[in-house]
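Notes for the structure review
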Amino acid sequence: MKFSGLILLSFAFVVAGCAQDTAPTGDRPASPSHIVTRTRTVTLFDDLEHKLMTAVEKKDKAALTDLTTEDFELRRSSAPAEPDPRDAWIADELPTYELRDFRNTEMAVHLYGEDTAVVSLNYWQNATVNGKDRSGDFFVVDVWTKHDNAWKLSVRYVAPAERPASKKITDRKPTGKQ
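All values reported here derive from a predicted model rather than from experimental measurement.

Some details on the environment of L153
Relative to the helices and strands, L153 is located in strand β7 (residues 150–160). Sequence spacing of L153 and L52 is 101 residues, and the spatial spacing of their C-alpha atoms is 9.0 Å. Setting aside its immediate chain neighbours within four residues, L153 contacts L52, L67, T68, T69, F72, D142, V143 and W144.

Here we look at the pattern of salt bridges
Counting across every chain of the model gives eight salt bridges. When the shortest N-O distance is used, the salt bridge between R75 and E73 registers 3.0 Å. Overall, the relative accessible area of 23% leaves R75 in the partly exposed class. A salt bridge links D142 to R156; its shortest N-O distance comes to 2.8 Å. Taken as a pair, D142 in strand β6 (residues 136–147) and R156 in strand β7 lie far apart in primary sequence, 14 residues in all. A relative accessible area of 0% places D142 in the buried class. Because the salt bridges share partners, they merge into one network encompassing E49, D142 and R156.

Focus on the side chain of N104
Here N104 lies in strand β3 (residues 97–112). Given a relative accessible area of 17%, N104 falls into the buried group. In contact with N104, not counting residues within four places along its chain, are D46, E49, H50, L121, N122 and Y123.

With respect to unusual backbone geometry
Although it is not a glycine, K59 adopts a positive phi angle of roughly 55 degrees. Mapped onto the secondary structure, K59 falls in the loop between α2 (40–58) and α3 (61–67). The residue D148 is not glycine, and still its phi comes out positive at about 50 degrees. Tracing the backbone shows D148 in the loop between β6 and β7.

Each value, and the rule that gives it
- Every chain's residues receive numbers from 1 upward, in the order its sequence appears when written.
- Per-residue local features of the predicted model are confined to residues with pLDDT of at least 70, and side-chain atom pairs are confined, for both listing and counting, to 80 or more; whole-chain, interface and lining totals are unaffected and use all residues.
- Based on all heavy atoms of the structure, the side-chain values leave hydrogens and waters out of the count.
- In DSSP terms, a helix is any run of H or I states spanning at least four residues, a strand is any run of E spanning at least two, and both are numbered starting from the N terminus.
- Only heavy atoms enter the contact rule, under which two residues are in contact if any of them lie within 4.5 Å.
- Note on definitions: salt bridges are taken to be side-chain nitrogens of Lys or Arg within 4 Å of carboxyl oxygens of Asp or Glu.
- Buried means the residue's accessible area, taken with a 1.4 Å probe over protein chains only, is under 20% of the maximum for its type, while exposed means over 50%, and partly exposed covers the values in between.

This is the structure we're talking about:
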């Protein structure tokens with residue numbers, strides 16, 4: 001009798017402990033503490049995005065030409081009907097674009113078949129264009145297409161990101177867990 005009472009009491013503690021781990025919204029933990037594991041696909045495109053912006057930072061026209069398609073367009077939310085074609089972007093804007101620092105975070109990659117990827121990310125930069133400050137947070141959507149087994153950027157959509165002060169990218173140091 002004492003033994004079965006002990007088992008019943010132990011069972012009650014286990015059930016009570018399990019009940020404390022769940023939130024009122026179902027089986028999800030109330031405050032998840034997990035490490036996000038980057039997939040190979042995200043790592044691949046994070047590397048490509050970093051190479052692209054490093055080429056901009058170094059004003060490396062050859063690398064930019066190699067990383068983009070011939071019909072590449074840069075589309076800004078401020079002028080959606082006026083895309084910048086690759087050659088004009090490289091010739092006109094690149095010389096006046098002074099990129100001092102940049103950071104990509106919160107990247108998502110969606111593959112469509114084996115030759116198209118849509119990459120969205122939050123991008124922060126410390127930069128000037130034509131001497132005007134263009135530092136800040138941006139939301140970027142890039143469409144990458146595969147050409148002869150190499151990924152090339154076909155179109156980039158850029159819009160200023162409105163983020164709460166507590167979520168500013170500049171306020172956070174990379175943890176390796178994003």
